[in-house]
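Survey of secondary and tertiary structure
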Amino acid sequence: MEWLIQLRQIKRQWIYLSLAVLVSIPLFFKIRLPFFVGPQAKGLYEAVKDLPEDKVVLLAMDWGAATKGESMWQAQAIIEHLFKEKKPFVILGYDIQGPQLSEELAEKLAKKYGRNYGEDWFNVGFITGGLPLLLRMAKNFQATFKQDSVKRKPLSTFPVARRIKDINDIGLIIDITGSGTYGDWITIQTTYKVPLAVACTAVITPDLYPFLDSKQLIGMLSGLKGAAEYEALIKGSHRKTTLKMMMSQSMAHLLIIILIVLANIGLYIERRRRRSG
Amino acid sequence: MRIFHPVKDPTLLTVYIVASLVGSFLVLALMHKFLSMRAKGRFITALTFLAGFFYSLEFFLPAKNGKNFLTPWVEPVGDALAVIGAFAFPLGLISLAVVHWGNIRRRREGWYFSLFLFIAMLAMALSAFLNHYAHLSLAKKIYSCLFDGLYIPLGVAMMSTLAFYIVSAAYRAFRVTNVDAILMMGAAIIVMLGQIPFGMWLTSWLPMQGIVSSLRIENVSNWFMTIVNMSVQRAIGFGLAVGGIAMALRVWFSLERGMQMGGK
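Residues numbered from 1 in each chain as written. Chains lettered and ligands numbered in written order. Predicted model: local features only at pLDDT ≥ 70, side-chain atom pairs only at ≥ 80, totals over all residues. Heavy atoms only, no water.

**Topic: the environment of Trp121(A)**
All names here are of chain A. Its place among the elements puts Trp121 in strand S3 (residues 121-126). C-alpha separation for the pair Trp121 and Thr144, spaced 23 residues apart in sequence, amounts to 18 Å. Apart from residues lying up to four places away in sequence, Trp121 is in contact with Phe83, Phe89, Ile91, Glu103, Ala106, Glu107, Ala110, Arg115, Asn116 and Val160. Side-chain polar atoms of Trp121 contact the side chain of Glu103, separated by 3.3 Å. (Helix = DSSP H or I, 4+ residues; strand = E, 2+ residues; numbered from the N terminus. Contact = heavy atoms within 4.5 Å. Polar contact = N/O pair within 3.5 Å; in protein donor to acceptor, adjacent residues only side chain to side chain.)

**Some remarks on unusual backbone geometry**
Residues and elements named next belong to chain A. Even without glycine at this site, Lys86 takes up a positive phi of about 60 degrees. Here Lys86 lies in the loop between helix H4 (68-84) and strand S2 (89-93). For Lys86, a relative accessible area of 59% translates into the label exposed. (Buried < 20%, exposed > 50% of the residue type's maximum accessible area, 1.4 Å probe, protein only.)

**Some remarks on the interface of chain B and chain A**
Listed per partner, the contact involves 53 residues of chain B and 55 residues of chain A. Both sides of the chain B and chain A interface together cover about 4,900 Å² of buried area, and 70% of this is carbon and sulfur. On the surface where chain B and chain A come into contact, there are one salt bridge. Asp213(A) is paired through a salt bridge with Arg234(B); the nearest N and O atoms lie 3.1 Å apart. At the level of secondary structure, the elements contributing two or more residues to the side of chain B that touches chain A comprise helix H2 (37-60), helix H3 (74-86), helix H6 (137-173), helix H7 (179-195), helix H8 (197-202) and helix H9 (217-252) of chain B. Class assignment for the residues of the side of chain B that touches chain A results in 31 nonpolar, 13 polar and nine charged. (Buried area = accessible area lost by both parts, 1.4 Å probe. Salt bridge = Lys/Arg side-chain N within 4 Å of Asp/Glu carboxyl O. Nonpolar A, V, L, I, M, F, W, Y, C, P; charged D, E, K, R; others polar.)

**Some thoughts on the pattern of salt bridges**
Residue and element names in this part refer to chain A. Considering all chains together, one arrives at six salt bridges over all chains under this definition. Linking Lys112 and Glu80 is a salt bridge whose minimum nitrogen-to-oxygen distance equals 3.5 Å. Of this pair, Lys112 sits in helix H5 (residues 98-113) while Glu80 sits in helix H4; the two residues are 32 residues apart in sequence, bridging distant segments of the chain. A residue is classified by how much of its surface remains accessible, and Lys112, at 52% relative accessible area, is exposed. Under the relative-accessibility criterion, Glu80 is labelled buried at 0%. Residue Lys225 pairs with Glu229 through a salt bridge whose shortest N-O separation is 3.1 Å. On the criterion of helical spacing, the pair formed by Lys225 and Glu229 is a turn pair, its members being four residues apart in helix H11 (residues 223-234). The exposure class of Lys225 is buried, given its relative accessible area of 14%.

**Some points on the pairing of S2(A)**
All names here are of chain A. Among the five residues of S2, five are classified as buried, and the element is accordingly described as predominantly covered. Both strand S1 (residues 56-62) and S2 contribute to a ladder of four bridges, which runs parallel. By the bridge assignment, Leu59 is partnered in S2 with Ile91. Taken together, S1, H4 and S2 form a β-α-β motif whose crossover is right-handed. Note: S2 against S3, five bridges, orientation parallel. (Pairing = 2+ DSSP bridges. Right-handed = clockwise from strand over helix to strand, strands pointing away.)

**Section: the nonpolar core**
Leu59(A), Ile78(A), Phe122(A) and Trp185(A) are the most contacted members of the largest nonpolar core, which has 94 residues in total. Sort the elements by how many residues they give to this core and H4(A) lands first, with eight residues. Residues contacting Phe122(A), with those up to four places away along its chain left out, are Phe89(A), Val90(A), Ile91(A), Tyr117(A), Phe141(A), Leu155(A), Val160(A), Ala161(A) and Ile164(A). Counting 18 residues, the second-largest nonpolar core is a separate cluster that includes Ile257(A), Ala263(A), Ala170(B) and Ile217(B). (Core = buried A, V, L, I, M, F, W, Y, C linked by side-chain atoms within 4.5 Å.)

**A look at the confidence of the model for chain A**
Atom-level detail of predicted coordinates should not be read off regions where pLDDT is low. Taken residue by residue, chain A gives an average pLDDT of 92. The fraction at 70 or more is 100%. When the elements of chain A are averaged for pLDDT, helix H1 (residues 2-6) of chain A gives the smallest value, 75, and strand S5 (residues 196-200) of chain A the largest, 97. (pLDDT = per-residue confidence, 0-100.)

**A short note on the side chain of Ser248(A)**
Relative to the helices and strands, Ser248(A) resides in helix H12 (residues 239-276). Dropping the residues within four chain positions of it, Ser248(A) is found in contact with Val23(A), Pro26(A) and Leu27(A).

**Examining the sheet that holds strand S4 (residues 170-177) of chain A**
Residues and elements named next belong to chain A. Strands sit in the order S3-S2-S1-S4-S5-S6 across an open sheet of six strands; the sheet is parallel. Looking at the sheet topology across the chains shown, the edges are occupied by S3 and strand S6 (219-222). Strand-to-strand twist of the sheet, defined as the mean angle between neighbouring strand axes without regard to direction, takes the value 15 degrees. (Axes fitted to C-alpha atoms, helices over the stretch in contact; angles between N-to-C directions.)

**Describing a positive patch on the surface**
Residues and elements named next belong to chain A. On the surface, Lys30, Arg32, Lys84, Lys235, Arg239, Lys240 and Lys244 cluster together to form a positively charged patch. Top element by residues in the positive patch is H12. It accounts for three residues. Structurally, Lys84 is set in helix H4. (Patch = residues over 30% accessible without salt bridge, like charges linked within 9 Å, V, L, I, M, F, W, Y side chains within 5 Å. Areas by Shrake-Rupley, 256 points an atom, 1.4 Å probe, with all protein chains shown as cover. Lys, Arg positive; Asp, Glu negative; His and termini not counted. Charge placed at Lys NZ, Arg CZ, Asp CG, Glu CD.)

**Thoughts on the packing of helix H3 (residues 39-49) of chain A against H11(A)**
Residue and element names in this part refer to chain A. Contact geometry of H3 with H11 gives a least axis separation of 9 Å together with a crossing angle of 45 degrees. Relative to H11, the element H3 is oriented oblique. Crossing hand, H3 versus H11: right-handed. Between H3 and H11, the residues in contact are Ala41, Lys42, Leu44, Tyr45 and Val48 and Glu229, Tyr230, Leu233 and Ile234, respectively. (Parallel < 35°, antiparallel > 145°, perpendicular 65-115°, else oblique. Left-handed = near helix turned anticlockwise from the far one by under 90°.)

**Looking at the side chain of Thr144(A)**
Residues and elements named next belong to chain A. Along the chain, Thr144 turns up in helix H7 (residues 141-144). A distance of 3.0 Å separates the side chain of Thr144 from the side chain of Arg136, its partner in a polar contact. When residues no more than four places from it in sequence are discounted, the contact partners of Thr144 are Leu133, Arg136 and Met137.

**A short note on the domain arrangement of chain A**
One widely used convention gives an interface's size as the accessible area the parts lose upon coming together. What the domain assignment reports for chain A is domain 1 (2-30 + 245-275) and domain 2 (39-237). Summarising the inter-unit geometry, the C-alpha centres of domain 1 of chain A and domain 2 of chain A are found 39 Å apart. (Domains from an automatic or database assignment.)

**Quick notes on a nonpolar patch on the surface**
Residues and elements named next belong to chain B. There is a patch of nonpolar side chains on the surface, built from Val18, Val22, Leu26, Leu30 and Phe34 and spanning about 490 Å² of accessible area. You can see Leu30 is positioned in helix H1 (residues 10-34). Residue Leu30 is classed as partly exposed on the basis of its relative accessible area, which comes to 47%.

Encoded structure:
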């Protein structure tokens, strides 16, 4: 029975080693487990598919290297879907790194789908100014952003940019975020009734369910699971990779559950011993 | 609508920029010299009130075809706020430089970290500027090495250590000692299992349709998130929003302690 009580005192080095080994296993060995897509990811998928021909998608890349493990896969899946469906989009972001990292993703995928910068997408880059800037953008897009961030040319140079005069030309806003930047986009959605979806890290997903319920959000991707769901829906290039990573995440979750159970078994045995002794 | 018309002549533009800087400096210097602390505080309070008043009024005033008399001013005011917001960068930079230069000058403990900070800042800034404006291939290589090769992976690595910390902290902290804790732990385990393929596999033998399908772990997890969690988050959200409005009003009217000059 003593060994059960010792379960409460596993050294953290063993825990770290277990985590590292368990997370690595699915990367080397194929583990096939069922995977089902949730309604929130389907909502975003349908919104992109049903986007009117004359509208442009606005991708707010409010993520950086720190949340790359989740946000990059989400951004990749969404950009691939937009290229597949031939939906034009504009990239901008509150984070300095997001638009730049997304541009690399877009350029890689553009080669695969034969898409061209300026005709199928353009990048405004890092934006600053918060909600006042977004309100200004909603009224006059061309006057708010003088040039793009990639070629450093006026927006009028790019056919897809010329299509956007104000918020009425935006058919869907997708905020890919690792923090609370969705608040400003919720305000824009409420004011101008533009469809909005959020692809966020798993840790802030619980905060967004009220907005899904009130239909302020038409779809949501939650962390790496959301990215894997979206890749499955669009039959994307990285669906096998994201599924493999989901298996790794499964291992980590299982380890947490097992450790918590073991620690509480040890606690329970110890308490029983104290009461009887 | 525009407050000023764009100036294309570079000489005239330079004159305007220099004149604006000199004029602003003079006005600030005169205000600093001749206004009392109380008067400065009142001036800041008035400016703060006007800035907030503009957006509130523009939103609340009745609009015809979505516009009232303040709507054309949204663009230039937005431009002005973006420019003012950009001043936060050099302000932060100067503050950082002053603190760390002080560390180096006084050889405080860990002063070499401050030296590394300056070296890293200068290396990154110089390579980025040279890459962007001079298009030097060496600058591009250095920038790529520093940004793609160092900065991004370091950011990812920092966040990756969080996984180990979370597992260890969960093991040490989550103790089921009463009924509330049992309920919370049960809900947490169900939600966690509902997110991962292993959890979905556990109940994959249940049918996809029909009333029994609601016992599938992903559906139970979804129920927890969309019903239980959603209602609680909404309640918290309402509380935060009401608190946020109260706080915003206090900031708007400069009622917060320390917002006025002299800390009153």
